[in-house]
Amino acid sequence: MRRRQDGFTYLAILFLVSVLGVGLAAVGEVWDTARRRDKERDLLQAGRDLRDAIGRYYTAPSGGTARYPSSLEDLLKDNRVPGIRRHMRRIPVDPMTGKADWATLGAPGGGIAGVHSRSEDEPLKTANFDRGEDGFEGGKQYSEWRFLFVPDPKATLPAIKAAR
């Protein structure tokens, strides 16, 4: 009688271990997906912040002509005017690569008009982007998400007050 029960206990333990393994694999998958969604959200925010800083640099009064920054470091300290003008405190880290090594997009007259990630990974998010990010829909890689500042042709630059 004892020999028949030994095999049953062994099979029950094997079954329990396999069920736990499948459950842990499912939890790991969900956890990884949640982590990737958080990184995507962080990428979108960092890209928007950089695009907005480029826009502030472009529209800031500095001698009457609008210019794009020549490097991302120009956003940290704008040397076009006396004193300290910052459009950002630091260049954000690209959450997909873990480094502040953004690829830059050239502007028509020179300088940097935008940035994008260097990551070639496939995004989870493919629709329902904010206004101004319509080109992101259906993207196959994060590097296709281009955060580009395009000046409004109707907008005028702020007038520069003459010193009295």
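Residues numbered from 1 in each chain as written. Predicted model: local features only at pLDDT ≥ 70, side-chain atom pairs only at ≥ 80, totals over all residues. Heavy atoms only, no water.

> Talk me through the nonpolar core; I want residue IDs and the actual numbers.
Across soluble globular proteins, nonpolar side chains have a tendency to be buried as a group. The biggest cluster of nonpolar side chains holds 25 residues, and the ones touching the most others in it are Leu50, Tyr68, Leu72, Leu75, Trp102 and Trp145. Of all the secondary-structure elements, those providing two or more residues to this core are helix H1 (2-59) and strand S2 (112-116). The element contributing the most residues to this core is H1, with 8 residues. Every residue in contact with Trp145, bar those within four places of it in the chain, is listed here: Glu40, Leu43, Leu44, Val115, His116, Pro123, Lys125, Phe129 and Phe136. (Core = buried A, V, L, I, M, F, W, Y, C linked by side-chain atoms within 4.5 Å. Buried < 20%, exposed > 50% of the residue type's maximum accessible area, 1.4 Å probe, protein only. Helix = DSSP H or I, 4+ residues; strand = E, 2+ residues; numbered from the N terminus. Contact = heavy atoms within 4.5 Å.)

> Could you give me a rundown of the sheet that holds strand S1 (residues 103-106), with the residues and numbers involved?
Pairing within the open sheet is antiparallel, and its 3 strands lie in the order S1-S2-S3. For this open sheet the edge positions go to S1 and strand S3 (147-148), each flanked by a neighbour on one side alone. Pairing of S1 with S2 involves 4 bridges; the strand directions are antiparallel. Within S2, the position partnered with Thr104 by the bridge is Val115. (Pairing = 2+ DSSP bridges.)

> Tell me about the environment of Arg85, and please be specific about residues and values.
Relative to the assigned elements, Arg85 resides in the loop between H1 and S1. Arg85 sits in the partly exposed class, given a relative accessible area of 21%. Excluding its chain neighbours within four sequence positions, the residues that come into contact with Arg85 are Ala60, Pro61, Leu76, Lys77, Asp78 and Arg80.

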